[in-house]
Each structure stands twice: as C-alpha cells, then as structure tokens.
Amino acid sequence: MSDAPHNPESRWFGDTEVDPTEKTHRVHGVFSSVAQRYDLMNDLMSGGVHRLWKAQFISAIRPRPGEVLLDVAGGTGDIAFRFLDRAGPTGRAIICDLTEGMVAVGRDRAIDRGRVGPILHMVGNAESLPVADRSVDVYTISFGLRNVTRIDDALREARRVLKPGGRFFCLEFSKVVLPGLDRAYDLYSRAVIPRLGKTVAKDEDSYRYLVESIRRFPDQPTLAERIEAAGLERVRWTNLSAGIAAIHTGWRI
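Residues numbered from 1 in each chain as written. Predicted model: local features only at pLDDT ≥ 70, side-chain atom pairs only at ≥ 80, totals over all residues. Heavy atoms only, no water.

If you check the backbone angles, R62 has positive phi at about 55° while not being a glycine. The exposure class assigned to R62 is exposed, which follows from its relative accessible area of 57%. One non-glycine residue, S241, adopts positive backbone phi at about 50°. Tracing the backbone through its elements, the reader meets S241 in the loop between β8 (233-240) and β9 (245-251). Relative accessible area serves as the criterion here: at 38%, S241 is assigned to the partly exposed category. (Buried < 20%, exposed > 50% of the residue type's maximum accessible area, 1.4 Å probe, protein only. Helix = DSSP H or I, 4+ residues; strand = E, 2+ residues; numbered from the N terminus.)

For the rest of this paragraph, the subject is the layout of surface pockets. In this structure, the largest pocket occupies an estimated 380 Å³ of space. Taken together, 22 residues make up the lining of the largest pocket; nearest its centre are M45, S46, W53, F173 and I193. Considering only residue class, the lining of the largest pocket consists of 15 nonpolar, five polar and two charged. Taken as a whole, the second largest pocket holds about 210 Å³ of empty space. Along its surface, the second largest pocket is lined by 15 residues, and A60, I61, F169, T249 and W251 are the ones closest to its centre. (1 Å grid on protein atoms, 1.4 Å probe; cavity = no way out; pocket = protein on both sides within 12 Å on 5 of 7 lines; lining within 4 Å. Points joined across faces, edges and corners; volume = space filled by probe spheres on them. Nonpolar A, V, L, I, M, F, W, Y, C, P; charged D, E, K, R; others polar.)

Now for the environment of L98. Turning to its location among the elements, L98 is positioned in the loop between β4 (92-97) and α5 (100-112). Excluding residues within four positions of it along the chain, L98 makes contact with T24, V27, H28, V123, G124 and N125. (Contact = heavy atoms within 4.5 Å.)

A regular strand carries its side chains on alternate faces of the sheet. Bridge analysis of β8 against β9 gives six bridges, and the strand direction is antiparallel. Bridge pairing links W237 to H248 in β9. Linkage of β8 to β9, two consecutive antiparallel strands, is achieved through a turn of four residues, within which S241 is found at a positive phi near 50°. (Pairing = 2+ DSSP bridges.)

What follows is about the environment of G88. Note on placement: G88 falls in the loop between α4 (78-87) and β4. With 76 residues separating them along the chain, G88 and P164 place their C-alpha atoms 23 Å apart.

Taking strand neighbours across the sheet as the criterion, the seven strands line up as β5-β4-β3-β6-β7-β9-β8 in an open arrangement whose pairing is mixed. If you trace the sheet from one side to the other, it starts and ends with β5 (119-123) and β8, each paired once. Pairwise comparison of adjacent strand axes, ignoring direction, gives a mean angle of 15° for this sheet. The sheet contact formed by strand β6 (residues 136-142) and strand β7 (residues 162-173) spans six bridges and is parallel. (Axes fitted to C-alpha atoms, helices over the stretch in contact; angles between N-to-C directions.)

With that out of the way, let us pick up helix α1 (residues 20-34). Its 15 residues give α1 an end-to-end C-alpha distance of 22 Å, which sits within 8% of 21 Å, the value for a rise of 1.5 Å per residue. Of the positions making up α1, those classed as buried are P20, K23, V27, V30, F31 and V34. Seen end-on, α1 carries its buried residues on one side only, within an arc spanning 85°. Facing away from the buried side of α1 by over 90 degrees, the exposed positions are T21 and H25. Against β1 (12-13), α2 (38-46), α5 and α9 (204-216) lie the buried residues of α1. (Expected span 1.5 Å × (residues − 1). Arc of directions from axis to C-beta.)

We now examine the packing of aromatic side chains. Given two aromatic rings, their pairing is described by the distance between the two centres and the angle made by the two planes. Within this structure, the stated rule accounts for seven aromatic pairs. Measuring from ring centre to ring centre gives 5.5 Å for Y139 and F168, while their planes differ by 15°; the resulting arrangement is stacked. Taken as a pair, Y139 in strand β6 and F168 in strand β7 lie far apart in primary sequence, 29 residues in all. Side by side, Y139 and F168 carry an identical accessibility label, which is buried. What links up through ring pairs into an aromatic cluster is the set W53, F143 and F173. When the ring centre of W12 is taken as reference, the NZ or CZ atom of R216 above it lies at 3.9 Å. (Phe/Tyr/Trp six-rings, centres within 6.5 Å; stacked < 30°, edge-to-face > 60°. Lys NZ or Arg CZ within 6 Å of the ring centre and 35° of its normal.)

Structure representation (structure tokens):
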C-alpha cells in the first residue's frame, strides 16, 4: 500500500480498507451496477438540488463558443449537455468515464437529444486519460473525484491535458460548514441514502459506499492544496448549500 502517503484515499473503498490495486475494480463494479438508475437516484437523494448545483457549476465555467470540454467521470452526460447548451454550435465535448455502462447510458441520451456530433464518448481512467497533452480548454469532473483511486495522479492528468490558459473545475461533495446541519446531513446520508439505493436501484451496498466515500473525501482547504500541488494555479473554492458540495477551480498558466 505504498500509495498511501501521497494518495491516502487509495487504500479505502468507503470504510473498507483495500489494496489500492483493488479499488478501481470495485469502483467500476459500483457504477456498472447503478448506471441505469443513476440520474433518478441523484434526483431522489438530493431532492433535485443537484440540478441547481450543476447549474451553478456551468455558470462558473461560462462556456464560450469553440471551446473543447473534457468531462471526466462524465457518465450520463449532464455536464456536457449543459456546457454545449451554453457554448453553442461550435462547442465540443469529450466524455470520459471509467465504466462502460455509464458511457452507454450517456451515449443513448446524446442520441435521443441529437447531440452525437458534438460529443465524443470514451472509456478511460482519470489517472491516465486517453487524451493528448494541451488539447482541451476546460476540464471538469463532477461528483467523480472522490471515487478515483489516486486523486493526485488525476489532478496532474487534468493539468497535462489542459491548454495553457485552460481552466479546471471540480464539483464534489465536501465538508458542511454550518453547525447543526453537519449532524443532520450525516444522519440523513447514513440512514436514508442506502435505503433509497436498496429500494430504487436494488443495490444498498453501492450507495452505502458512496456515502462513506463522501466522509473520507478531503475538506475544501486540503483539496485546494492538492490541486495546487498538481501544478494548477489561482485555485479557489465556492461552497454550495453550506458546504454539502463545493466547486473548486484552477488554471493552467
């Protein structure tokens, strides 16, 4: 488990200690299991608030005509579709996801929306992206970074694929900063989300893992430090819903 000093999360699959070589395989299994009901579960778990967070995320990005987006862990395409709506007909998006099942759902949604041309779908690992150096204008990862085995490797990959002047955006669950809400949110996530997973997605274990992964994810300042250590600059974060989620941003200068 030599990854631990630089990537402390690499040896944890939720609250279960694993060898880092096993974690990626287990995460792949989780998202293969939940792919078909992923969007429905997001609506149920958050009461639809995730849609507001994603709208704020896109507003922070401010997509521009002609830009190329790389959306890592892009799954069912939520961020890519929103990006292209704002970037217009000259915008392009690459969706890269670890799981074939999630990519398939996203591709089907793109076909249904007539968005096959502007979107390229690929299967790949955030730690070793199948994307050329300095080739994208915007890198996004939305509710996916905490599932990466080696977060620091993924952050360095983000810098590698960004053009000089390119922008990094991460939307992820974070640490609640409002006293009282932190305890209520923890109780809700422990007691309700796995039960929803059991009832709706027929997979209680996967949603228990997803809750546990939130609690193990770095807090806002710690993640900002790790983004800077990966070589990105002008790193900032904005809390959403008192820190239930946060947007981290950075630039490749």
